[in-house]
Amino acid sequence: MRWLRSGLLPSALLLSSGAFHAQQAAASTATPDDSVPDRRIAVTIDDLPWQGIDKVAADDLAARHARLVAQLKQAGAPVVGFVNESKLELDGAVRPQRLAMLRDWLDAGFELGNHTWGHVDLHAVGVDAFQQDILRGERQLRPLLAERGQAPRWFRHPYLRAGRTRADKAAVADFLADHGYRVAPVTVDNGEWVWAFAYERTLQQADPATREATLERLRRGYVPYMLNKLDYYERQSIVLLGYALPQVWLLHANTLNADTYAGLIGALRRRGYRTIGLDEAVADPAYARPDGYEGRWGPSWLHRWAMAERKPKAFYAGEPQVPRWVLDLAGLESE
């Protein structure tokens, strides 16, 4: 929610908080016959084969990857993983061990999509360079999928930055469509990456007792934080759309999820959610709504749709934030 804290929401969207709360109260009864919402969510995991891969020793990487794949299988939820092919390389050459990590995902029944070669920022490099990085990001992915009679069909924007002008957004969208891709939006955005950074830094602590206690504290706090984020975006969808949208969740391939993913999905299901494929989620008509955001950051698509409708600033209030103690462990001032 950095885009909102930065004051990038147009002032014309301001409205009294009283009007917003009245809108929320009305939306709370928007589900038919006061029934329980139809809660569905698609899981997506970015930065394959591994977030921060060059900072992990080879033996540790193999073990952590094996734990994550085991957690994914245990959870049994459909997943689309998004690949940065730069992470397949070391000293400019593709490493077979890293390519094999992607095969493990496919062998487990999960789908792979394109996340650009180098996780580049469209807003920083411009449309032409971004398009070339998309093509560079399928040099291994396309033949790998072809071995199984598949082709890459999902694309995820790094940093969720999709363009700062209508012309740039349209140019990238047209380019993706011409190459057989569909954009994988994100509705449940979150600070999972901050928790993951904190987890990685804690793993480097020298004192075993302190290290294990802090890791456990992070694991215990992570799942409730993620569920609180999900609750927030569910409420947002009911206010904006009148129903509980089939959500798209953003996670990353990292050690935190290698140690918590199955528990996270279990907690999600106890909350009443069904895990679904990305195809089913984005088949909802809401995903055809216009993207109303042209700022610097990469907000949730729910917020982009709200901006297209010029919702008041109060609409966006109440989003759970990463706790200060987690930011401190991650070495960050803010999300």
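In short, a report on the structure. Remember, it's a predicted structure, so these values are computed and weren't measured experimentally.

1. So, the packing of helix α9 (residues 192-203) against helix α11 (residues 255-270)
Consideration 1: Between α9 and α11, the least distance of the axes is 8 Å, while the angle of their chain directions is 110 degrees. By the criterion of interaxial angle, the relationship of α9 to α11 is roughly perpendicular. Counted together, Glu 192, Trp 195, Ala 196, Tyr 199, Glu 200 and Leu 203 of α9 and Thr 255, Leu 256, Asn 257 and Asp 259 of α11 form the full contact between these two elements.
Consideration 2: Of the residues belonging to the contact of α9 with α11, the class tally is five nonpolar, two polar and three charged.

2. Here we look at the packing of aromatic side chains
Consideration 1: The final tally for this structure, using the stated rule, is ten aromatic pairs.
Consideration 2: Each ring, one from Trp 105 and one from Phe 110, has its centre 6.0 Å from the other, and the planes form 65 degrees; the classification is edge-to-face.
Consideration 3: Relative to Phe 155, the ring of Phe 130 lies with its centre 5.9 Å away and its plane at 85 degrees, an arrangement referred to as edge-to-face. Here Phe 130, found in helix α6 (residues 127-136), pairs with Phe 155, found in strand β6 (residues 154-155); they are 25 residues apart in sequence, far enough to count as distant. Of the two residues, Phe 130 and Phe 155, both sit in the buried class.
Consideration 4: An aromatic cluster is built from Trp 195, Tyr 222, Tyr 225 and Trp 325, whose rings are joined through pairwise contacts.
Consideration 5: The ring of Trp 117 is capped by Arg 136, whose NZ or CZ atom sits 3.4 Å from the centre of that ring.
Consideration 6: Here Arg 304 stacks its cationic end above the ring of Trp 301, 3.9 Å away from the centre of that ring.

3. What to know about the pattern of salt bridges
Consideration 1: Taken as a whole, this structure holds 28 salt bridges when the rule is applied.
Consideration 2: Arg 39 is the salt-bridge partner of Glu 234, the closest N and O atoms lying 2.7 Å from each other. Here the residue Glu 234 occupies a position in helix α10 (residues 208-241), and Arg 39 occupies one in the loop between α2 (17-27) and β1 (40-48), the gap between them amounting to 195 residues. We note that Glu 234, like Arg 39, is buried.
Consideration 3: The residue Arg 156 makes a salt bridge to Asp 46 at a minimum N-O spacing of 2.8 Å. Here Arg 156, found in the loop between β6 and α8 (166-178), pairs with Asp 46, found in strand β1; they are 110 residues apart in sequence, far enough to count as distant. Accessibility assignment for this pair places Arg 156 and Asp 46 in one class, buried.
Consideration 4: Salt bridges sharing partners connect three or more residues here, namely Arg 166, Lys 169, Asp 291, Glu 294 and Arg 304.

About the thresholds
- Numbers given for residues are sequential positions, taken from 1 along each chain in its written order.
- Totals for whole chains, interfaces and linings use all residues, but because this is a predicted model, local features are given only for residues with pLDDT of at least 70 and pairs of side-chain atoms are given and counted only at 80 or more.
- With hydrogens and water excluded, all non-hydrogen atoms of the structure serve as input to the side-chain values.
- To get an axis, fit a line to the C-alpha atoms, keeping to the stretch in contact for a helix; angles then go from 0 to 180 degrees between the N-to-C directions.
- Each helix corresponds to a stretch of at least 4 residues labelled H or I by DSSP, and each strand to a stretch of at least 2 residues labelled E; elements are numbered beginning at the N terminus.
- We call two directions roughly parallel when the angle between them is under 35 degrees, roughly antiparallel when it is over 145, roughly perpendicular when it lies between 65 and 115, and oblique otherwise.
- Contact definition: two residues touch when any of their heavy atoms are within 4.5 Å.
- When residues are grouped by polarity, Ala, Val, Leu, Ile, Met, Phe, Trp, Tyr, Cys and Pro land in nonpolar, Asp, Glu, Lys and Arg in charged, and all others, Gly among them, in polar.
- Pairing of aromatic side chains requires ring centres within 6.5 Å, counting the rings of Phe and Tyr and the six-membered ring of Trp. Pairs whose planes differ by under 30 degrees are stacked, by over 60 edge-to-face, and all others tilted.
- Three labels apply to residues, based on accessible area from a 1.4 Å probe with only protein chains included: buried if under 20% of the type maximum, exposed if over 50%, partly exposed otherwise in between.
- Placement of a charge over a ring requires the Lys NZ or Arg CZ to be within 6 Å of the ring centre, with the centre-to-atom vector within 35 degrees of the ring normal.
- Any Lys or Arg side-chain nitrogen located within 4 Å of an Asp or Glu carboxyl oxygen qualifies as a salt bridge.

Take it as geometry only, folks, not as evidence of what the structure does.
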